[in-house]
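Here is what each chain is made of, one letter per residue.
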Amino acid sequence: MTELLTRLVRKPQGAIGLALLIVLAAACVCGPWFAPYAPEKMDFLGRFRAPGWQHWLGADQFGRDVMSRLLVGTRATIPMALAATLIGSGTGAMIGTASAYLGGRLDEIIMRTIDAVMAIPGLLMALLLVSTLGNGAGNAVLAIAVAFTPSMVRITRAVALSVRHQDYVKVALARGEGAAWIVFREMLPNVMAPIVIEATIRVSFAIMLFATLSFLGLGAQPPASEWGLMVAEARQYMHQAPWVLIAPSAAIALAAIAFNLVGDGLRDALNPKDER
Amino acid sequence: MTFAWLVRRLLLMLYTIVIVGVLVFAITQALPADAAQTLLGENASPEALAAVRERLGLNDPVWLQFVHWATRAAAGDFGVSMRTGLPVAPEMLTALSRSLLLAVCALIVTVAVAVPLGIFAALRQGRLADTVTSVVAYLGVSLPEFVTATVLTLLLTDKLPFLPATGYVSPLEDVGSAIRHLVLPVLTVSVILIAHVMRMMRSETLDVLQSDYIRAARLKGLPERTVLARHALRNALLPVVTIIALDVGYLLGGIIVIEEIFAIPGIGRALMIAITTRDLPSIQAGAVIMAVTYALTNTAADVVYALLDRRIRYD
Amino acid sequence: MTPALSIQNYGLDYVTSAGPVEVLRNISLEIAPGEVLGLVGESGSGKSSLAWALMRHLPRNAREISGSLKLSDIDLRQLAPKQLTGVRGRRIGMVFQDPSTALNPTLTIGRQITEALQRHRGLRPREADALAIELLGHVELRNPAAIMRRYPHEISGGEKQRVVIATAFGCRPEVILFDEPTTALDVITGARILDLFARLRTETRVAALYISHDLAMMTRVADRVAVIKHGRVVEQAGAAEIFRAPRAAETRALVAAVPRPERRLIHDTPDETVVLAAKAIGVRYGNRGLFRAAPPPATNAIAFSIRAGEILGLVGESGSGKSSMARALTGLARFSGEISFAGRTLRGAQDMNAAYRRDVQIVFQHPDASLNPRHRVGEILSRPLKLYGGNPADIARMLDQVRLPASYAQRFPHQLSGGEKQRVAIARAFATRPKLVICDEITAPLDVSVQAQIIELLLALRAETGAAYLFITHDLNLIRQIAHRIAVMRRGELVDCLPVEDFDADHVHPYTSELMAASPVPVG
């Protein structure tokens, strides 16, 4: 594990990504304690106050402190995105590995169906599900998880297929090993690495998707401090108080970039490259 | 490309459309325990609920509902909007045509900018130009569409007041105004797409440049410009067709948000309105039309690619 | 007379994250005009790097630390990039290892030849076309005009290599570098390319640097041979002499490791009990799909038997079906026909019980792929023991049996060399004391010296345990050293199955004679 981390930080993208992740994690865990004001605290005298000593990132249309809302908003966005990615990846991985192991006609049918499901763009799928299940953060998580599953199935299956055709799996088959052993002890350990990389990058999509849903009014509901929601609310005052718009936008961008960088960094770290 | 391959590909597209239909129906009509309740909200009266159930045929068993719905949809009839009372399909198709205008403009801009940029970045790999473009592209990919749209609006509407922040004018009415209204949305979509396409082109071109046959061409003593123009370019441009098809996928995802922000009455906006007003037939029509568009584009791209790439042999 | 190519005291490093790695040191070689110098070395010796250095196509992390590279009167190291395009192809040409990747898949064959001819011989398009057709005919391609219009994927590997050779020779350079040009080709195709090369060089009097790992073949192709090991030239001598009377220790080891059919390593005869009999084995991959005809069978009614303790060689080129036989016998591929083993008849993988699986083991070709990279060596070896009732404490003894230290049990496969990994795979196969071990081209990716060690190991294990081998290979010389009987396969058919003594006789199948003619017995 430590070897992995050292390899990760050796390249600039891995180092920056990891640093950002640590900041995000810190904000998530202890954000509310560091927030100088309560996020819902309104201060009508301080409406649209520009960033300064009193409000480091300024105040919004209700006088609420932007930075406090941002810090608290970490909790609204990141754990949800992680949960959605985990559920989507887990489901996708199981279906993908099973499909690769089964092979033959069954595998083909499953994959063609997955391809067909992917004809519905992810956002649309999430919107359809949310409109049926009802608004709210929990349903948004479920919707995103379902929207992510098909692409994770595809990726897992591709990786699992390449592992399935390796000679060490053939040796195990020739030895008469059972299916359970082969899938869990021979295939899965080699499938994990690419899946983890892909899932990490997916978290950044989940963050963006979750923020988009909230922006459209179908995810987190006011007065939550969710970043997408903050951008939506800030739009009408965009010329008066641009900082109310820019702060949450930057937060979303940084969070997405963090996971992207770490995912890319993991890809390099887990792949010992031949330098000759 | 053989006839057999073509038939298989078209059958696949048909299968895709069927699955899409099943999925959309299942999520919107079969899944909710009481679709009527979902549509009318919590405060609906029992009579209103019963009326809606009757109108939408929700009292039939699910599979029967699906059969009715699918057979009508295949004929192009998606029912009547619960909001306006007008037939849904013609509305949605008109909306689609406006979205297509936006999409095509954006695609043209994207391909014109991103393809050369990607190739250029690959040629300058490791140097400053490459690093800069790659970082910018990275940012473009890490921003949700609504952020890019909002930030661009913020930056540009101040400096260029003749660009309207929202709204749509049909080119059939007033070309000049239409163009002005399209600039911001097309720009926003293009920025995102350019980031995606540029990265893909760069990695494709790098693969080509590092291939053995490019090395062989160089070692044959051919001048660099011949190697690039005659050998590398043709192979690097081959996947552009596939990339454009993938783009349409990104586009369809983002168009909902873009049209919402810029108030363009395309199919994305129509879907959002349908969703917020719980107009079931419109939701179904919009979703199916979007997915079918994507499936058609993909099939077309596969066919064009097969015509171009002589290496692919289909049996 | 100025040598065509002169390398003096050349040194090269690659800079890696672990510091500079020495690739070539004090290389001094000369090739006179019209002479062929063979450069022989095993993998990692640096021989290919010398070719890239001469063509000035070194990787970015290469550092030339000393010496000069001279092509006649030109100092190659002093050339500016613009001048390079005037030298490459025109004065120094190259033929690459893998013809399938050396040609651009989206350009016609004709275009790829004429562009070189137009550039280097100043021809107009129509003249270049005519010359190209003539050159293609000269390299024994049938219907050259038609080939000009084809794309690379429409012609075979051997034909592609002839195209590359025609292009290189057609520009009339002074020197041509050949980087293992037959390694990626089948035995018979490769032999024909060698013949072509011999004929062309006599005709054109071009000087050549011929790089290979195969010392035996080199002695038939080159005038002089230089042996390179770990980046240094250890010996240079005339071709015949270097094989007959090698002076340097490394060369002697290399010569000793080359398989020679007249040097038998097995001197016993197996007894008559048949351990496994295969009858009418047919293997077919892929079925009829929608709109798709079924592909031809990989093997067609193959029958042979293996006696206890016998070594049966199975020889053939790629596509002959020999690997398919191995897969059928281990239940990895579906087959028709039957296998008789230990008094039972098996008609498919479902009939293969635990006893069969224990007694019939397989070792695969690529050691990197046959050991699970996430399992330690100890775990890899303990699994068959656990399955078939062995003592896990035996692992140390198993490693010792294959001449590996017991501490290797803690290591992961990527920490072992190719030869060591193959030993682990062999130890794993022998863990259950099998009656038959199928070796599917297990020495093909290994250097010839490592191959010799593995063969010695296999014979020692056989002496200890009495196991029989089905030894699959394409190297006829190797199998003639160790097999009792040899079966020859071609395109799914069993063409010959003879005791090894009968292999020179005149009544072998013509394909077998062709194979024998293509497997060079080294001079000396």
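Procedures and definitions
Residues numbered from 1 in each chain as written. Chains lettered and ligands numbered in written order. Predicted model: local features only at pLDDT ≥ 70, side-chain atom pairs only at ≥ 80, totals over all residues. Helix = DSSP H or I, 4+ residues; strand = E, 2+ residues; numbered from the N terminus. Rg over C-alpha atoms; globule rule 2.2 N^0.38 Å. Buried ≥ 20, exposed ≤ 12 C-beta atoms within 10 Å, placed from the backbone. Contact = placed C-beta atoms within 7 Å. Nonpolar A, V, L, I, M, F, W, Y, C, P; charged D, E, K, R; others polar. Pairing = 2+ DSSP bridges. Axes fitted to C-alpha atoms, helices over the stretch in contact; angles between N-to-C directions. Expected span 1.5 Å × (residues − 1). Core = buried A, V, L, I, M, F, W, Y, C linked by C-beta atoms within 7 Å. Left-handed = near helix turned anticlockwise from the far one by under 90°. pLDDT = per-residue confidence, 0-100.

S.K.: Is there a simple way to explain the overall build of chain C in this structure?
M.R.: Helices and strands together make up the secondary structure of chain C, namely 20 helices and 20 strands. In terms of C-alpha radius of gyration, chain C reaches 25 Å, essentially the compact-globule figure of 24 Å for 524 residues. Principal-axis analysis of the C-alpha atoms places the extent of chain C at approximately 75 × 55 × 45 Å. Here chain C holds 524 residues, and the buried ones make up 45% of them. When contacts within chain C are restricted to residue pairs at least 6 apart in sequence, those whose partners lie at least 24 apart make up 70%.

S.K.: Would you mind going over the overall build of chain B with me for this structure?
M.R.: Within chain B, the regular secondary structure consists of 13 helices and 0 strands. Reading the secondary structure of chain B in the N-to-C direction produces α-α-α-α-α-α-α-α-α-α-α-α-α. Each of the three principal axes of chain B carries a C-alpha extent, and together these read 85 × 60 × 35 Å. Counting contacts in chain B only where the partners sit at least 6 residues apart, residues at least 24 apart contribute 71% of the total.

S.K.: Honestly, the interface of chain B and chain A in this entry has me stumped. Any pointers?
M.R.: Many authors give the size of an interface as the accessible area that is lost as the parts come together. In this assembly, 34 residues from chain B lie in contact with 33 residues from chain A. Counting residues per element, the ones that place at least two in the side of chain B that touches chain A are α1 (3–30), α7 (145–159), α11 (240–262), α12 (267–276) and α13 (280–308) of chain B. Considered class by class, the residues forming the side of chain B that touches chain A number 26 nonpolar, 7 polar and 1 charged.

S.K.: Is there a simple way to think about the interface of chain A and chain C in this case?
M.R.: In this assembly, 14 residues from chain A lie in contact with 20 residues from chain C. Secondary-structure elements contributing two or more residues to the side of chain A that touches chain C are α7 (167–174) and α8 (179–215) of chain A. Looking at which element gives the most residues to the side of chain A that touches chain C, the answer is α7 of chain A, with 6 residues. Within the side of chain A that touches chain C, the residues separate by chemical class into 5 nonpolar, 3 polar and 6 charged.

S.K.: Before we go on, may I ask you to explain the sheet that holds strand β5 (residues 74–75) of chain C in this structure?
M.R.: Within a sheet, each strand pairs with its neighbour through backbone hydrogen bonds, oriented either parallel or antiparallel. Residues and elements named next belong to chain C. Spatially, β2-β1-β4-β5 is the arrangement adopted by the 4 strands of the open sheet, whose pairing is antiparallel. Across the chains shown, the open sheet's two edge strands, defined by having one partner strand only, are β2 (19–31) and β5. Bridging between strand β4 (residues 62–71) and β5 involves 2 bridges; their strand directions are antiparallel. Within β5, the residue paired with Lys70 across the bridge is Asp75. In the packing of helix α1 (residues 47–54) onto the sheet, contacts are made with β1 (5–16), β2 and β4, and the angle to β2 comes to roughly 75°.

S.K.: Would you mind showing me how to read helix α8 (residues 187–204) of chain C here?
M.R.: A turn of α-helix holds 3.6 residues, and therefore any two residues three or four places apart point the same way. Residues and elements named next belong to chain C. With 18 residues, α8 extends 26 Å between its outermost C-alpha atoms, agreeing within 8% with the 26 Å of an ideal straight helix rising 1.5 Å per residue. For α8, every residue scored as buried is listed here: Val187, Thr189, Gly190, Ala191, Ile193, Phe197 and Arg201. Buried residues along α8 sit against β3 (36–40), α7 (157–170), β8 (207–212), α9 (215–221) and α20 (510–518). Taken from the residues just after α8, Arg205 is the one with a positive phi, measuring 55°.

S.K.: Would you mind showing me how to read the sheet that holds strand β7 (residues 175–179) of chain C here?
M.R.: Residue and element names in this part refer to chain C. Read across the open sheet, the 6 strands follow the order β6-β7-β8-β3-β9-β10; overall the sheet is mixed. Strand pairing shows two members of the sheet lacking a second neighbour, β6 (92–95) and β10 (232–238), which therefore form its edges. Here the average twist between neighbouring strands, direction ignored, is 20°. Sheet topology note: the strand β9 (residues 224–229)/β10 ladder contains 6 bridges and is antiparallel. Along β10, the bridge assignment pairs Ala226 with Gln236. Each of β9 and β10 is contacted by helix α11 (residues 249–257), which is oriented at about 105° to β9, the strand it contacts most.

S.K.: How do you make sense of the environment of Val186 of chain B when you look at a structure like this?
M.R.: Residues and elements named next belong to chain B. Along the chain, the position of Val186 falls in helix α8 (residues 175–209). Between the C-alpha atom of Val186 and that of Leu102, which follows or precedes it by 84 residues, the distance is 6.3 Å. Residues in contact with Val186, not counting those within four places in the same chain, are Leu102, Cys105, Ala106 and Val109.

S.K.: Explanation requested: α7 of chain C in the structure shown.
M.R.: Residues and elements named next belong to chain C. With 14 residues, α7 should cover 20 Å at 1.5 Å per step; its first-to-last C-alpha distance of 20 Å lies within 8% of that length. With 12 of 14 residues buried, α7 lies mostly within the body of the structure. Buried within α7 we find Glu159, Lys160, Gln161, Arg162, Val163, Val164, Ile165, Ala166, Thr167, Ala168, Phe169 and Gly170. Of the residues trailing α7, Arg172 is marked for its positive phi of about 50°.

S.K.: Whenever I open this one, the environment of Leu245 of chain A confuses me. Can you help?
M.R.: Structurally, Leu245 of chain A is set in helix α10 (residues 242–269). Judged by C-beta crowding, with 26 C-beta atoms within 10 Å, Leu245 of chain A ranks as buried. Sequence-wise, Leu245 of chain A and Gly228 of chain A are 17 residues apart; in three dimensions their C-alpha atoms are separated by 10.0 Å. Discounting chain neighbours no more than four positions away, the residues touching Leu245 of chain A are Val231, Ala234, Arg235 and Met238 of chain A together with Thr150 and Leu154 of chain B.

S.K.: When you look at the pairing of strand β19 (residues 485–490) of chain C in this model, what are you seeing that I'm missing?
M.R.: Consecutive side chains of a regular strand alternate in pointing toward one face of the sheet and then the other. Residue and element names in this part refer to chain C. Burial of β19 is extensive: 6 of the 6 residues sit out of reach of the surface. The pairing of strand β13 (residues 311–315) with β19 spans 4 bridges and is classified as parallel. Residue pairing in the sheet places Leu312 in a bridge with Arg485 of β19. Where β19 meets strand β20 (residues 493–499), 6 bridges bridge the pair, whose relative direction is antiparallel. Looking across to β20, one finds that Ala487 is bridged to Cys497. Counting the residues that bridge the hairpin from β19 to β20 gives 2 residues, and of these Arg491 lies at a positive phi of roughly 50°.

S.K.: What should I look at first to understand unusual backbone geometry in this one?
M.R.: In terms of backbone geometry, most residues other than glycine have negative phi values and most peptide bonds are trans. Residue and element names in this part refer to chain C. The backbone phi angle of Glu140 is positive, close to 65°, even though this residue is not glycine. Tracing the chain through its elements places Glu140 in the loop between α5 (125–138) and α6 (144–148). On the basis of neighbour counts, which here come to 15 C-beta atoms within 10 Å, the residue Glu140 falls in the partly exposed class. Its identity as a non-glycine residue notwithstanding, His230 has a phi of 50°, on the positive side. Among the structural elements, His230 can be located in the loop between β9 and β10. Judged by the 15 C-beta atoms lying within 10 Å of it, His230 is partly exposed.

S.K.: Is there a simple way to think about the nonpolar core in this case?
M.R.: In summary, soluble globular proteins display a tendency toward joint burial of nonpolar side chains. Ranked by internal contacts, the top residues of the largest apolar core, which has 321 residues, are Ala126, Ile144 and Ile207 of chain A together with Val175 of chain C. Sorting elements by how many residues they give to this core places α10 of chain A first, with 16 residues. When near neighbours in sequence (up to four residues on either side) are disregarded, Ala126 of chain A contacts Ala143, Ile144, Ala147, Leu209 and Leu213 of chain A.

S.K.: Sorry, what's going on with the packing of helix α4 (residues 109–121) of chain C against α5 of chain C here?
M.R.: Packed helices, taken two at a time, are described by the angle their axes make and the gap between the axes. Residues and elements named next belong to chain C. The interhelical angle for the contact between α4 and α5, taken along N-to-C directions, is 115°, at an axis separation of 9 Å. Helix-helix and strand crossings are classified by hand; for α4 and α5 the assignment is right-handed. In this structure, α4 uses Gly110, Ile113, Thr114, Leu117 and Gln118 to contact α5, whose residues at the interface are Pro125, Ala128, Asp129, Leu131 and Ala132. Its residues assigned to classes, the contact of α4 with α5 comprises 6 nonpolar, 3 polar and 1 charged.

S.K.: What's the story with the confidence of the model for chain B in this structure? I'm lost.
M.R.: Here chain B averages 84 in pLDDT, while 95% of its residues score no lower than 70. The secondary-structure element of chain B with the lowest mean pLDDT is helix α2 (residues 35–40) of chain B, recorded at 68, while helix α9 (residues 212–219) of chain B shows the highest, at 93.

S.K.: For this particular structure, what's the right way to read the pairing of β3 of chain C?
M.R.: All names here are of chain C. Taken across its 5 residues, β3 has 5 buried, putting it largely inside the fold. Burial along β3 is two-sided: the face carrying Val36, Gly38 and Val40 and the face carrying Leu37 and Leu39 are both buried. Of the strand pairs in this sheet, β3 and β8 are connected by 5 bridges, and their pairing is parallel. Note on β8: the bridge partner recorded for Leu39 is Ile211. Here β3 pairs with β9 via 4 bridges, running parallel. Bridging from a neighbouring strand, Leu39 pairs with Ala226 of β9.

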